[in-house]
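Take a look at the letters that make up each chain.
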Amino acid sequence: MEEVKSEQGKERFPREKNEFSIAHRRWLVREIESGRMTKREVLERFDFQVKDPDSLLRYWHKLYAPQIVVSLPVMTEKERHKLQSLQKRVSELEKQLQDAQMKNVALETLIDVAEEQLHVPIRKKAGARQ
């Protein structure tokens, strides 16, 4: 069935035996959940022909929101390849960082030993101007 315009210009859901179809209820709840429509926009756009449409929307949300499944699209081969290359790059950078940290510790130790054995100050003193 197609949506029909009421006298006020609002869209009405197709009804069978004066009831909203479950598919349309779920669609509305999904639209509100995803933020594509607000409750106010739904109430302004559609003619529910009930006394309290706001409580009807709350009831539908309580009823159908747990059934809404968020599914992510399957990763394409190109995306999978890119992810693998990025993971490889991250592991390479982590290894480089670890090597740089080890080199830094080795150099600090070398300077400490040289200063102790040669009795020559190698490190610059903080705040000294030259």
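Heads up: the structure comes first, above all this text.
Let me sum up the structure you'll find in this document. The structure displayed is predicted, hence computed values, not measured ones.

**As for the overall build of the chain**
Phase 1: On a plain count of helices and strands, the chain comes out with 4 helices and 4 strands.
Phase 2: The helix and strand sequence of the chain, counted from the amino end, reads β-β-β-β-α-α-α-α.
Phase 3: The proportion of buried residues among the 130 residues of the chain is 16%.
Phase 4: Considering only contacts in the chain between residues 6 or more positions apart, those separated by 24 or more positions represent 42%.
Phase 5: Approximately 11300 Å² of the chain is accessible, and the part contributed by carbon and sulfur atoms is 55%.

**Overview of helix α4 (residues 77–118)**
For an α-helix the count is 3.6 residues per turn, leaving residues at separations of three or four pointing the same way.
Phase 1: When the terminal C-alpha atoms of α4 are compared, their 61 Å separation across 42 residues agrees well with the 62 Å that a helix rising 1.5 Å per residue should span.
Phase 2: Among the residues trailing α4, His119 stands out with phi positive, at a value near 55°.

What counts, and at which threshold
- Every chain begins its residue count from 1, and numbering advances along the sequence as written.
- Confidence filtering applies because this is a predicted model: local features only for residues at pLDDT of at least 70, side-chain atom pairs given and counted only at 80 or more, and all residues used for totals across whole chains, interfaces and linings.
- Neither water nor hydrogens contribute to the side-chain values; these are computed over all heavy atoms in the structure.
- Secondary structure follows DSSP: runs of H or I at least 4 residues long count as helices, runs of E at least 2 residues long count as strands, and numbering of each begins at the N terminus.
- Three exposure classes are used, based on accessible area relative to the maximum for each residue type with a 1.4 Å probe and protein chains only: buried under 20%, partly exposed in between, and exposed over 50%.
- By definition in these notes, contact holds between two residues if any of their heavy atoms fall within 4.5 Å.
- Surface exposure here means Shrake-Rupley accessible area, sampled with a 1.4 Å probe, where a residue is shielded only by the protein chains that are shown.
- Expected span of a helix, by definition, is 1.5 Å for each gap between consecutive residues, and there is one gap fewer than residues.

Bear in mind that shape data such as this cannot, by itself, settle questions of function.
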